[in-house]
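# Secondary and tertiary structure notes
If you want the building blocks of each chain, they are given just below.
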Amino acid sequence: MSKTAILEIDGNKYEFPVIVGSENEVAIDIEKLRAATGAITLDPGYKNSGSCKSDITFLDGEQGILRYRGYAIEDLAEKANFLEVSYLVIFGELPTVAQLEKFENDIRKYTLVNEEMKNIIDGFPKTAHPMGVLSSLTSALTAFNPKVVNVENEEEMYTAVCKTMGKFLVLATWTFRKTSGFPLNYYDNTKGYVENFLRLMFELPTGPYTINPVIVDALDKLFILHADHEQNCSTSTVRMVGSSHAGLFASISAGVSALWGPLHGGANQAVLEMLEEIQKDGGDAEKYLAKAKDKNDPFRLMGFGHRVYKNFDPRAKIIKKAADEVLATLGVNDPILNIAKQLEESALQDEYFKSRNLYPNVDFYSGIIYRALGIPTDMFTVLFAIGRLPGWIAQWKEMRVNKEPIGRPRQVYTGYALRSFKPMNER
Ligand code: CMC
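Predicted model only: the values in this text are computed from it and were never measured.

## Considering the overall build of the protein
Tallying secondary structure elements over the protein gives 18 helices and six strands in all. Computed over its C-alpha atoms, the radius of gyration of the protein comes to 23 Å, within 12% of the 22 Å expected for a compact globule of 427 residues. Summarising its shape, the C-alpha atoms of the protein cover approximately 75 × 65 × 55 Å along the three principal directions. Residues counted as buried form 47% of the 427 residues belonging to the protein. Roughly 21900 Å² of accessible area belongs to the protein as shown, and the carbon and sulfur atoms make up 52% of that amount. Here the protein contributes 48 positively and 54 negatively charged side chains, and the mean placements of these two sets differ by 5 Å.

What follows is the structure in structure tokens.
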């Protein structure tokens, strides 16, 4: 028998269906709440509100579980590559050899970006933050691809997916070339997606660039770990923008802006900036731990805590191992990393952090790896965006294919009641 929830307002009882997800997540379906009762719910930050049903990602914050399409993140990070996982996230199944080869080849068809995009990049000052530039360039793609995707046509949808995967990677790396003053370069269709990321970033016309397989492997893992995370801030933004039937590029561009903030994807940059600040201030990790605990001090330990993971972040576990491997392989000896280790060890034993379930999150370690790989700090969040792209695409696609209604929350108005207009000379 199906369960129901009873709500009582002013002595009147109302019944609402209770729905249960495939992992036994329970939700009260309040779709008819306002029509039946005249009331709405209030849930700032959406800590208790589901915005959709989704088949893509399952996460259990209490148990530290993350799965894409039913596959454990631990298995995917160890056994698959980024394009394979992108295919899984977007299309729902792990690709066969032929499907993966076709996907990679089809992405290659769209890795050339219209040359006129370079004029747009030229308009930005060299000091512009890469995330701002990336959001603008992604949005600008709409101008060169004005045809709206017919979401009911599978072929058109598939092409839109490949186009976005191809062009976004090139634009993401061009934001770095621009700020570094390097000439903009092109995707090499004879090489893989992650190898191309490295080439596009670092290869110069003056000499060959040798690709280190350890770095490719670490990046593959990092991108996989970031590929989707259900209804987080940027993904909800992508779905919300897309729900007005704005195009895929416009929706992804909005997702990039949402990801930029230091409480979301921008945390990986904030972690490194924090570590640098601690180093400049004498390297005393304990002092900063005390600051983070002081309620009169706005300082927070960046890279610690998570909205949904209240036990541990399963991505952080995998990445910590990868970070240790990369640092050992590359022989990196960096004082910043010693501060990170000190901070991590002390926080994990500290009562304040323990009692609030504040553990290092994925961004704490990803920043450390990126730094070891020689990626500049303000590009960290761009790397997060590259990893998150398949998730944004999949969620946008799901939302459109499921014909979800336009996202339009309500509010509880707390302003003035009706006032009479005062003419200027009476104010
Ligand atoms: N340093 C010190 N105290 C903290 C921290 C922190 N990083 N995070 C949370 N707290 C405290 C907070 O002050 C509060 O204490 P009290 O109960 O005494 O008032 C308690 O822990 C609960 O915090 P909250 O702000 O209610 O938790 P939230 O779920 O709303 O926020 C968060 C989650 C990620 C925004 C927050 O932990 C934070 O600001 N962390 C630092 C930024 C960061 O690393 N963000 C990356 C998130 S992972 C990447 C991603 O998926 O986007």
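From this point, things continue past the structure.
## Digging into the layout of surface pockets
Approximately 370 Å³ is the volume attributed to the second largest pocket. Forming the boundary of the second largest pocket are 20 residues, of which N145, K147, V148, V149 and A160 lie nearest the centre. For the lining of the second largest pocket, the secondary-structure elements that each account for two or more residues are helix 7 (154–180), helix 11 (248–260) and helix 18 (380–401). A per-element tally of the lining of the second largest pocket places helix 7 first, with five residues. The class makeup of the residues in the lining of the second largest pocket is ten nonpolar, six polar and four charged.

## Overview of the pairing of strand 1 (residues 4–9)
Sheet topology places strand 1 next to strand 2 (residues 12–20); six bridges connect them, and they run antiparallel. Pairing of E8 across the sheet is with K13, part of strand 2.

## Brief notes about the sheet that holds strand 4 (residues 57–60)
Strand order across the open sheet formed by three strands is 4-5-6, with antiparallel pairing between neighbours. In this open sheet, the two strands that pair with only one neighbour each are strand 4 and strand 6 (71–72). In this structure, strand 5 (residues 65–68) lies alongside strand 6, joined through two bridges in antiparallel fashion. Each bridged residue has a counterpart across the sheet, and for R67 the counterpart in strand 6 is A72.

## Description of the site of the ligand
Close to the ligand lie 22 residues, the nearest being H264, R300, L301, G303 and Y352. Separating an oxygen atom of the ligand from a backbone N or O atom of G303 is a distance of 2.9 Å. When the free accessible area of the ligand is taken as 940 Å², the share hidden by the protein chains comes to 79%. Of the residues belonging to the shell around the ligand, the class tally is eight nonpolar, six polar and eight charged.

## Concerning empty space enclosed by the protein
Per the counting criterion, the structure on display carries one cavity of 30 Å³ or more. Of the voids in this model, the largest cavity is the one considered here, and its volume is about 100 Å³. In terms of lining residues, the largest cavity is bounded by K320, A323, D324, L327, L337, A340, K341, E344, Y365 and I368. Contributing elements (two or more residues each) for the lining of the largest cavity: helix 14 (314–330), helix 15 (335–349) and helix 17 (362–372). Tallied by class, the residues present in the lining of the largest cavity amount to six nonpolar, no polar and four charged.

## Brief notes about the nonpolar core
With 117 residues, the main nonpolar core has Y68, M165, F197, L219 and L301 as its most contacted residues. Contact partners of F197, with chain neighbours within four places excluded, come to L169, T173, L219, F223, I375, L383 and I386.

## Describing helix 11
Its 13 residues give helix 11 an end-to-end C-alpha distance of 18 Å, which sits within 8% of 18 Å, the value for a rise of 1.5 Å per residue. Summarising burial for helix 11: ten of the 13 residues are buried, a large majority. Within the sequence span of helix 11, burial applies to L248, F249, S251, I252, S253, A254, G255, V256, A258 and L259. Considering only its buried residues, helix 11 is in contact with helix 6 (130–144), helix 7, helix 10 (233–242) and helix 18.

## Describing the sheet that holds strand 3 (residues 26–28)
Where strands meet in a sheet, backbone hydrogen bonds hold them as pairs that are either parallel or antiparallel. A sheet is described by the order of its strands in space; here three strands give the open sequence 1-2-3, paired in antiparallel fashion. In this open sheet, the two edge strands, each paired with only one partner strand, are strand 1 and strand 3. The mean inter-strand angle of the sheet, taken between neighbouring strand axes irrespective of direction, is 30°.

Reading the values: the criteria
Residues numbered from 1 in each chain as written. Predicted model: local features only at pLDDT ≥ 70, side-chain atom pairs only at ≥ 80, totals over all residues. Heavy atoms only, no water. Helix = DSSP H or I, 4+ residues; strand = E, 2+ residues; numbered from the N terminus. Rg over C-alpha atoms; globule rule 2.2 N^0.38 Å. Buried < 20%, exposed > 50% of the residue type's maximum accessible area, 1.4 Å probe, protein only. Areas by Shrake-Rupley, 256 points an atom, 1.4 Å probe, with all protein chains shown as cover. Lys, Arg positive; Asp, Glu negative; His and termini not counted. Charge placed at Lys NZ, Arg CZ, Asp CG, Glu CD. 1 Å grid on protein atoms, 1.4 Å probe; cavity = no way out; pocket = protein on both sides within 12 Å on 5 of 7 lines; lining within 4 Å. Points joined across faces, edges and corners; volume = space filled by probe spheres on them. Nonpolar A, V, L, I, M, F, W, Y, C, P; charged D, E, K, R; others polar. Pairing = 2+ DSSP bridges. Near = heavy atom within 4 Å. Polar contact = N/O pair within 3.5 Å; in protein donor to acceptor, adjacent residues only side chain to side chain. Core = buried A, V, L, I, M, F, W, Y, C linked by side-chain atoms within 4.5 Å. Contact = heavy atoms within 4.5 Å. Expected span 1.5 Å × (residues − 1). Axes fitted to C-alpha atoms, helices over the stretch in contact; angles between N-to-C directions.

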